[in-house]
Amino acid sequence: MSRERIEARFAALKAEGRSAFVAYVMAGDPDPATSREIVKGLPAAGADLIELGFPFSDPVAEGPPIQKAAQRALAAGMTLRGVFELAADFRRGDQDTPLILMGYLNLIVSMGFSAFARAAAEAGIDGVIVVDCPPEEADPLADALDAAGLALIFLATPTTDDKRLPVVVNRASGFIYYVSVAGVTGVKEADESAVAPNVARIQAASGLPVAVGFGIRTPERAAAIARIADAAVVGSALVDEVAEGLAMNESVTTRVLSKAETLSKAVRFARVGAAV
Amino acid sequence: MNAPAKPNDYTAYPDAAGRFGRFGGRYMPETLMPLVHDLEAAYAAAKADEGFQAQLDGLLRQYAGRPSPLYFAERLSERFGARVYLKREELNHTGSHKINNCLGQILLAMRMGKTRIIAETGAGQHGVATATVCARFGLQCVIYMGAVDVERQKPNVFRMNLLGAEVRPVHAGSATLKDAMNEALRDWVTNVHDTYYLIGSAAGPHPYPVMVRDFQKVIGEEVREQCLAAEGRLPDAVVACVGGGSNAIGLFYPFLNDDVRIFGVEAAGEGVDTNRHAAAINGGRPGVLHGNMTYLLQDAEGQITEAHSISAGLDYPGIGPEHAFLHEAGRAKYLTATDDEALAAFQLLAELEGILPAIESSHALARLPEVCAEVGKDGIVVVNLSGRGDKDVATVAAHLGRQI
Ligand SMILES: Cc1ncc(COP(=O)(O)O)c(C=O)c1O
C-alpha cells in the first residue's frame, strides 16, 4: 500500500475535480489518548490526507503554536513508538486515508533509517516529510523509505528557484509540499496570487500533485489556495484549537474536529462555480 | 598517539559536501538551503580575493589589536612542572577570540549586500563582538540570547545595548545557547531577503564550520610563529576549552599535521556521570541538530537534552563537527572539567598570574596538571586564554557565596 495510497487518493480527488484538505496535527497533543481520538475523527471531519507531526525537542521551522504542541506531546510522554502505535490503531479502522509523518531528522537517525522505514510501513504510514533533511542529505533516508514502499515528500519554498527545483524533485514521490511563505509555521499568511505561479512551476517540474501549506489559517485562505493547488494544508490553526480547548476547559477533540470540518467544507466547495 | 602508519592529511577536510568524515553536512530547512549555497559561493569568492584578505588583516591588526601575545606564564609553569604559555586572546578588542570571526563574517555579509545581522550568543562574548562590528560598519543588529544567560551575563547585555544592538531574550526550552540558536534560525527563515546569520562558533551547516575555522586559525598560526621565536620549536601540547569549538579549532588547525598533542576540554558541569553537564563527546552520541551531524547530548529516543555548565559559553548540547571527526580519528583528545574545577582554575590564574580568565577558558586551565604531567618538565604547553573574566565576576562571587 503506502505510496500507492497517496496516489490513489489524489487520483480520486482529481476525478472529483477538487483539491484535497490536508489536516496537520501533532501526535500526542495534548496527550496520547486524546490525540488518538482526534486523528480517528479527522476523516469524518473531511480530512482527505492526515499529516501527523512527531514531536521533537528543537523544531526550528515551527512557530509558537506547533512548538507548544510538541512540548505538550513530549510532556505527556509521547515517543516515536507511541506515534507508530497511534498510526497502526488508526489504520485498523481506515484503509484509504493517507497518513504522512512530519518531523525532524534526529529521531530517525537515532532509530536508524531502515528500522524507521520498516516500523513506519508496518504502522500503515504512507509517506514522510523531514523538515531538516534537504535533498543534499536525503539519499540514505530515501533509499530506506524506497525499500519499504514509502514516499519521501520534499518541501519547495519561495526561495527554491528554477535552478534548484530539479534537485528538489529528483527523489520526490507522493506529492510536493510547497511552503507558501518564507518563515516558520503559523505566522505569515499565504497570498494566492504569489503562490499560483509557483504551484504551476512545481507541478510541471515534478509531475506530482502540489500541496500548499504554512500560511493557511482561515476557511477563506483555504478555499483560495484550494482553487489553485492540489491540496491545502492547515496545521497551526488546528493545533491552536487544542491550546484554546485546554485553556477554556472545553473538549479539545470537539474543537479540533469542528475546525477541521469548517476548513474542509471551504476546500470541498472552493471550486464549485469556479473554472477549474 | 595512535597515528596511522601513513599519516592522514587532517587539514584536508571538509569535502565538497561539507563533511569531516561522517560529520558535518547541511541539514537545513529548504527555505535556507539556497542561502547556504549562496554563502558557500560568496565565501569561496572572498577567500580567493586578495583585497578581502588584506582588508581583514588590516582590521585584525588595527581594530582588534592582533597579534595577541604568547605569554610565558612563569608561576603557572612552576606550579605544574612544564613550560606553560598562554595565548592571550582575552586581550583582543571586546575581550575574546570571537572578534576574529566576526570581522571576517561582517566583511562577507557586506560583500553579499546584506543589511541586517542576526546572531546567537551564550556568554554574550559573541553577541558583543557581533554588535561591535555592526556598529563599526553601520548595520542593523539583533542578538538572540537565552533568558537564563541574559540573567547571568548582564554586563554583556548592557554592552550590546550600548553598541546599538537589540537583545531578544529567548524563553523556550532551557533558555540557553541552544534555544537562542533555534530562535536565530527561525528569524533567518523569516527574513531571508536581507538578513545574514553570523554564527559564533565552528558549528551549524556547511560552510559555517569551515569558514569560522578559517577566520579563527590566525590564533594557531600566530602561536606557531611565536613559539618558534621563543623556544626554537613547536609546542608539545595545545589546550583549549570547547563549546561549539571555535577557539579550539582556531588553535588546533595549524598543528593538525605536526607532532603536537591536542587537547580539547568540555564542560562537565556537575560531573559527566550526572545529567547536568555539557560534554557532547564524553557524554553524548552522534545525531543531527542545527544543520550538522555531530556528537549531541540526547536521550535514548533522540530528543536533545538540556546542557548544563556554570559557563554560559559552553552551555550547549553539541560540538562543532570537525571536533567530532578529530575525536573519532584519534587525532585530538577531549577531556572534561567540572564547574568546581573551572572555578578553582579561575581563582588560581588570578592569584598566580594576575589575570582573570573567562570562566569558559578556565575549563582549559583546569586540565593543566594532567597535560603538564604528560609532557614533562621541559615540555611546552600552550593554553588558549580565549576570553577575559570580567563578565564572570558576579557568577564567581555567587558560587563562592560572596556579596558584591
Ligand atoms: C571566552 C570564550 N571562550 C570560549 C567560548 C566557547 O565557544 P567556542 O567553543 O566556539 O570557542 C566562548 C563562548 O561564548 C567564550 O566567550
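From a predicted model like this one, the values you see are computed outputs, not experimental measurements. (Residues numbered from 1 in each chain as written. Chains lettered and ligands numbered in written order. Predicted model: local features only at pLDDT ≥ 70, side-chain atom pairs only at ≥ 80, totals over all residues. Heavy atoms only, no water.)

Comments concerning the overall build of chain A
(1) Moving on: Along its length, chain A carries 12 helices and 9 strands.
(2) Moving on: On C-alpha atoms alone, chain A measures out to a radius of gyration of 17 Å, which is about the 19 Å that the 2.2 N^0.38 rule sets for 276 residues.
(3) Moving on: Projected onto its principal axes, the C-alpha positions of chain A cover 45 × 40 × 35 Å.
(4) Moving on: Here chain A holds 276 residues, and the buried ones make up 63% of them.
(5) Moving on: Considering only contacts within chain A whose residues lie at least 6 apart along the sequence, 74% involve residues at least 24 apart.
(6) Moving on: Within the structure as shown, chain A displays about 9,700 Å² of accessible surface, and the carbon and sulfur contribution to it stands at 53%.
(7) Moving on: Between the averaged position of the 26 positive side-chain charges in chain A and that of its 34 negative side-chain charges there is a distance of 2 Å. (Helix = DSSP H or I, 4+ residues; strand = E, 2+ residues; numbered from the N terminus. Rg over C-alpha atoms; globule rule 2.2 N^0.38 Å. Buried < 20%, exposed > 50% of the residue type's maximum accessible area, 1.4 Å probe, protein only. Contact = heavy atoms within 4.5 Å. Areas by Shrake-Rupley, 256 points an atom, 1.4 Å probe, with all protein chains shown as cover. Lys, Arg positive; Asp, Glu negative; His and termini not counted. Charge placed at Lys NZ, Arg CZ, Asp CG, Glu CD.)

Re the environment of Ala64(B)
Residues and elements named next belong to chain B.
(1) Moving on: Within the secondary structure layout, Ala64 lies in the loop between helix H2 (50-62) and strand S3 (70-72).
(2) Moving on: Relative accessible area serves as the criterion here: at 2%, Ala64 is assigned to the buried category.
(3) Moving on: For the pair Ala64 and Gly243, spaced 179 residues apart in the sequence, the C-alpha separation amounts to 22 Å.
(4) Moving on: In this structure Ala64 touches Leu59, Asn92, His93, Ile99 and Leu103, once residues within four positions along its chain are discounted.

Details of the pairing of strand S1 (residues 20-26) of chain A
Residue and element names in this part refer to chain A.
(1) Moving on: In terms of burial, S1 is largely enclosed, as 7 of its 7 residues are buried.
(2) Moving on: The alternating pattern of S1 places Ala20, Val22, Tyr24 and Met26 on one face and Phe21, Ala23 and Val25 on the opposite face, and all of these are buried.
(3) Moving on: With 4 bridges joining them, S1 and strand S9 (residues 231-234) adopt parallel strand pairing. By the bridge assignment for S9, Phe21 is matched with Ala232.
(4) Moving on: Relative to strand S2 (residues 49-53), S1 is paired through 5 bridges, and the arrangement is parallel. Across the sheet, the residue bridging to Met26 is Gly53, located in S2. (Pairing = 2+ DSSP bridges.)

Digging into the sheet that holds strand S4 (residues 83-87) of chain B
Residue and element names in this part refer to chain B.
(1) Moving on: In space, the 6 strands of this open sheet follow the order S3-S4-S14-S9-S10-S13, with mixed pairing throughout. Each end of this open sheet is capped by a strand with a single partner; those strands are S3 and strand S13 (333-338). On average, adjacent strands in this sheet sit at an angle of 25° to one another, irrespective of strand direction.
(2) Moving on: Bridge analysis of strand S10 (residues 261-269) against S13 gives 6 bridges, and the strand direction is parallel. Across the sheet, the residue bridging to Glu266 is Thr336, located in S13.
(3) Moving on: The sheet strands contacting helix H16 (residues 368-375) are S4, strand S9 (237-241), S10, S13 and strand S14 (380-384), and the helix crosses S14 at an angle near 155°. (Axes fitted to C-alpha atoms, helices over the stretch in contact; angles between N-to-C directions.)

Brief notes about the sheet that holds strand S8 (residues 210-213) of chain A
Residues and elements named next belong to chain A.
(1) Moving on: In spatial order, the strands read S5-S4-S3-S2-S1-S9-S8-S7-S6; together these 9 strands make up an open sheet with parallel pairing. The two strands at the open ends of the sheet, each matched to only one other strand, are strand S5 (151-152) and strand S6 (155-156).
(2) Moving on: With 4 bridges connecting them, strand S7 (residues 176-179) and S8 associate as parallel partners. The partner of Tyr178 across the bridge, within S8, is Val212.
(3) Moving on: Against the sheet, helix H4 (residues 80-93) engages S2 and strand S3 (99-103), with an angle of about 165° to S3.

Focus: a nonpolar patch on the surface
All names here are of chain B.
(1) Moving on: Taken together, the side chains of Leu356, Val393 and Ile404 make up a nonpolar region of the molecular surface, amounting to roughly 280 Å² of accessible area.
(2) Moving on: Along the chain, the position of Val393 falls in helix H17 (residues 393-399).
(3) Moving on: Classification of Val393 by relative accessible area gives partly exposed; the value is 34%. (Patch = residues over 30% accessible without salt bridge, like charges linked within 9 Å, V, L, I, M, F, W, Y side chains within 5 Å. Salt bridge = Lys/Arg side-chain N within 4 Å of Asp/Glu carboxyl O.)

Observations regarding the side chain of Ser2(A)
Residues and elements named next belong to chain A.
(1) Moving on: The residue Ser2 is located in the segment before helix H1 (3-16) in this model.
(2) Moving on: We classify Ser2 as buried; its relative accessible area is 8%.
(3) Moving on: Residue contacts for Ser2: discarding those within four places in its chain leaves Ile125, Asp126, Gly149 and Leu150.

So, the state of the cysteines
Residues and elements named next belong to chain B.
(1) Moving on: One pass over the full model with this rule turns up 0 disulfides over all chains.
(2) Moving on: Of the cysteine sulfurs around Cys102, a residue in no disulfide, the closest is that of Cys134, at 8.2 Å.
(3) Moving on: Cys134 takes part in no disulfide bond, and the closest cysteine sulfur to it belongs to Cys141, at a distance of 3.8 Å.
(4) Moving on: Since its relative accessible area comes to 1%, Cys134 is described here as buried. (Disulfide = S-S within 2.5 Å.)

Side note on helix H3 (residues 64-75) of chain A
All names here are of chain A.
(1) Moving on: The end-to-end C-alpha distance of H3 is 16 Å, a good match for the 16 Å that 12 residues give at a rise of 1.5 Å each.
(2) Moving on: Taken together, the buried positions of H3 are occupied by Pro65, Ile66, Gln67, Ala69, Ala70, Arg72 and Ala73.
(3) Moving on: Downstream of H3 by a residue or two, Gly77 has a phi angle that is positive, lying close to 90°. (Expected span 1.5 Å × (residues − 1).)

Remarks on the interface of chain A and chain B
(1) Moving on: At the junction of the two partners, chain A supplies 37 residues and chain B supplies 34 residues.
(2) Moving on: In total, about 2,600 Å² of surface goes out of reach between chain A and chain B, with carbon and sulfur atoms giving 52% of it.
(3) Moving on: When the area that chain A buries against chain B is broken down by residue, the three leading residues are Asp58(A), Val60(A) and Glu137(A), summing to 21%.
(4) Moving on: Counting across the interface, chain A meets chain B through 3 salt bridges.
(5) Moving on: Among the ionic pairs, Lys178(B) bridges to Asp58(A), the shortest N-O distance being 2.7 Å.
(6) Moving on: Put simply, chain A and chain B have 21 residue pairs in polar contact (both at pLDDT 80 or more) between them.
(7) Moving on: Put simply, the parts of the chain that give the side of chain A that touches chain B at least two residues each are H3, H4, helix H5 (105-111) and S6 of chain A.
(8) Moving on: For the side of chain A that touches chain B, the element with the most residues is H5(A), which contributes 5 residues.
(9) Moving on: Across the side of chain A that touches chain B, the residue classes break down as 19 nonpolar, 10 polar and 8 charged. (Buried area = accessible area lost by both parts, 1.4 Å probe. Polar contact = N/O pair within 3.5 Å; in protein donor to acceptor, adjacent residues only side chain to side chain. Nonpolar A, V, L, I, M, F, W, Y, C, P; charged D, E, K, R; others polar.)

Some thoughts on the confidence of the model for chain B
(1) Moving on: Of all residues in chain B, 98% have pLDDT values of 70 or greater, and the mean over the chain is 96.
(2) Moving on: For this predicted complex, the interface score ipTM comes out at 0.96, while the overall pTM is 0.96. (pLDDT = per-residue confidence, 0-100.)

Structural notes on the packing of aromatic side chains
(1) Moving on: If you walk through the whole model with that rule in mind, you get 12 aromatic pairs over all chains.
(2) Moving on: Judged by centre distance (5.8 Å) and plane angle (25°), the ring pair of Phe56(A) and Tyr104(A) falls under stacked. Taken as a pair, Phe56(A) in the loop between S2 and H3 and Tyr104(A) in the loop between S3 and H5 lie far apart in primary sequence, 48 residues in all.
(3) Moving on: Residue classification places Tyr104(A) among the buried positions, given a relative accessible area of 3%.
(4) Moving on: Between the aromatic rings of Tyr13(B) and Phe325(B), the centroid separation amounts to 4.3 Å while the plane-to-plane angle is 50°, which identifies the pairing as tilted. (Phe/Tyr/Trp six-rings, centres within 6.5 Å; stacked < 30°, edge-to-face > 60°.)

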